[in-house]
Amino acid sequence: MLSSEALKNVPNPKIADFKEEEYPLSFQIVGHKPDLMVNAAKLLENRASVIDINCGCPVNKVVKSTDGSGLMRKPELAYEIASAVKENINIPLSVKFRLGWDKTNKNFIEFGQLMQKAGADFVTLHGRCRSDLYSGSSDWEAIGQLKKELDIPVFANGDIKSVEDAIKCLEISNADGVSIGRGIMGDFTLPHRIEHYFATGEIIKEPSLDEKIKMLIEHIKEEVELRGEINGIKFMRKFYGFYISSVKNASKYRQVLVTLETYKEVEKALDDILCLHA
């Protein structure tokens, strides 16, 4: 997710760097000013396969500026933004949003219809309200309601943490596909495993602890290369728990990991965990 305000000041941030193997690649932009959102989309268009407008992020620091799911309280502004972006890019446009601001203000069907009218090529619906944040369960049946009302593809988002979740979600929602957010944390093989199932009918088992720790070490290396050791290690602290969640007493290990400051320290701690639980 890239801030349109930030892109105004830093038009070529490191976070937008990419590798060829990452294609097809979608860049998600967030903001509430049509001119800045257009500017952001145009800056990213040459390196993107899709531009996605974020109308779903629920965190306070985002919605307090009417960004993210704050735009669900101002659908006309969201429509203006989506229309303007669509008019100024030559690649597909998608919009991600939630059921509404809260349970008494669910406007996802009307919002989806507006995004379709604005020219969105597809939409992604997270099956919670902004007020839910990430509590409770994603309402896949509501996603199915939106699917019935739109002519463009609808992708389902929320609580897809396994191949089995994806199968069940599509059975309930009849969506055109799934979009995985937090479910990929700690297991970036999940999209491939889901894709493989729908192509072949075969379920590839979840990675072992050894494989997950190897993924984590690779993740750390990439972040250190991008941000430098100090900032890279600090950035990674929020991800440790996802990778070792299957380990007994994982929270205690995480408490130790988040205090470490160098790559070598983290690598040794992870080796120790693996030796104890392999």
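These lines cover the structure that appears in this document, whether it is placed above or below. Every value quoted in this text rests on a predicted model; they were computed, and no experiment measured them. Every chain's residues receive numbers from 1 upward, in the order its sequence appears when written. This being a predicted model, a pLDDT of at least 70 is required before a residue's local features are given, and a value of 80 or more before pairs of side-chain atoms are given or counted; all residues contribute to the totals for chains, interfaces and linings. Derived side-chain values reflect all non-hydrogen atoms in the structure, with water molecules and hydrogen atoms excluded from consideration.

## Topic: the sheet that holds strand β3 (residues 50-55)
We apply this condition: Here, strands pair whenever DSSP counts at least two bridges between them. Each helix is a run of DSSP H or I of at least 4 residues and each strand a run of E of at least 2, with the numbering of both proceeding from the N terminus. Here, two residues are considered to be in contact whenever any of their heavy atoms come within 4.5 Å of each other. Helix axes use the C-alpha atoms of the stretch in contact, all axes being lines fitted to C-alpha atoms, and the angles between their N-to-C directions lie in the range 0 to 180 degrees.
Pairing in this open sheet of seven strands is parallel, and the strands run β1-β2-β3-β4-β5-β6-β7 from one edge to the other. What marks the edges here is a single partner per strand, and that holds for β1 (2-3) and β7 (177-179). The pairing of strand β2 (residues 26-30) with β3 spans four bridges and is classified as parallel. In the sheet register, I29 faces β3, and the bridge partner there is I53. Docked against the sheet, helix α4 (residues 75-88) engages β3 and β4 (93-98), running at close to 170° with respect to β3. Strands β3, β4 and β5 (122-126) of the sheet are contacted by helix α5 (residues 108-118), whose axis makes an angle of about 170° with β4.

## So, the pairing of strand β6 (residues 154-157)
Two faces belong to every sheet, and in a regular strand the side chains alternate between them. For clarity, the cut-off: Note on handedness: a clockwise path from strand one over the helix to strand two, with the strands aimed away from the viewer, defines a right-handed crossover.
Relative to β6, β5 runs parallel, the two being bridged by four bridges. Bridging across to β6, T124 finds its partner in F155. In this fold, β5 hands off to helix α6 (residues 140-149), which returns the chain to β6; that crossover is right-handed. With three bridges connecting them, β6 and β7 associate as parallel partners. Its bridge partner being in β7, F155 is matched across the sheet by G177. In this region the chain leaves β6, passes through helix α7 (residues 163-173) and returns to the parallel neighbour β7; the handedness of that crossover is right-handed.

## Notes on the environment of M236
Using the following cut-off: Using a 1.4 Å probe on the protein chains alone, a residue whose accessible area is under 20% of its type maximum counts as buried, one over 50% counts as exposed, and one in between counts as partly exposed.
Looking at the element boundaries, M236 is found in helix α10 (residues 229-236). Overall, M236 belongs to the buried group, its relative accessible area being 0%. Sequence-distant contacts of M236, that is, excluding residues within four places in its chain, are made with L216, H219, I220 and E223.

## With respect to the packing of α6 against α7
For the record, the criterion: Should an angle lie under 35 degrees it is considered roughly parallel, over 145 roughly antiparallel, and from 65 to 115 roughly perpendicular; all remaining angles are considered oblique. Two helices crossing with the near one rotated counterclockwise from the far one by less than a right angle form a left-handed crossing, whereas a clockwise rotation gives a right-handed crossing.
Taken N-terminus to C-terminus, the directions of α6 and α7 make an angle of 45°; their axes are 8 Å apart at the nearest point. Taken as axis vectors, α6 and α7 run oblique relative to one another. Considering the relative orientation of α6 and α7, their crossing is right-handed. Packed against α6, whose contacting residues are W140, E141, I143, G144 and K147, the element α7 presents D165, K168, C169, I172 and S173 at the interface.

## As for helix α8 (residues 190-200)
Formally: Directions from the helix axis toward the C-beta atoms define the arc.
Listed in full, the buried residues belonging to α8 are L190, R193 and I194. Angular distribution of buried residues about the axis of α8 spans 100°; they occupy a single face of the element. In α8, the exposed positions that point more than 90 degrees away from the buried face belong to E195, A199 and T200. Just downstream of α8 lies G201, where phi reads positive at about 85°.

## Remarks on unusual backbone geometry
In this structure, the amide linkage connecting Y23 to the following residue, P24, adopts the cis form with an omega of -5°. Mapped onto the elements of the fold, P24 is located in the loop between α1 (4-9) and β2. In the Ramachandran plot, T66 falls in the positive-phi region, its phi being about 70° despite a non-glycine side chain. The topology assignment puts T66 in the loop between α3 (60-63) and α4. Under the relative-accessibility criterion, T66 is labelled buried at 19%. Unusually for a residue other than glycine, N174 sits at a positive phi of about 60°.

## A look at the side chain of D187
Selection rule: Pairs of N or O atoms are called polar contacts if they sit within 3.5 Å, as long as, within protein, a hydrogen donor faces a hydrogen acceptor (for residues adjacent in sequence, only side-chain-to-side-chain pairs).
Within the secondary structure layout, D187 lies in the loop between β7 and α8. Judged by its relative accessible area of 6%, D187 is buried. There is a polar contact of 2.5 Å between the side chain of D187 and the side chain of T189. Apart from the residues lying within four places of it in its own chain, the contact partners of D187 are R193, E206, P207, K212 and M215.

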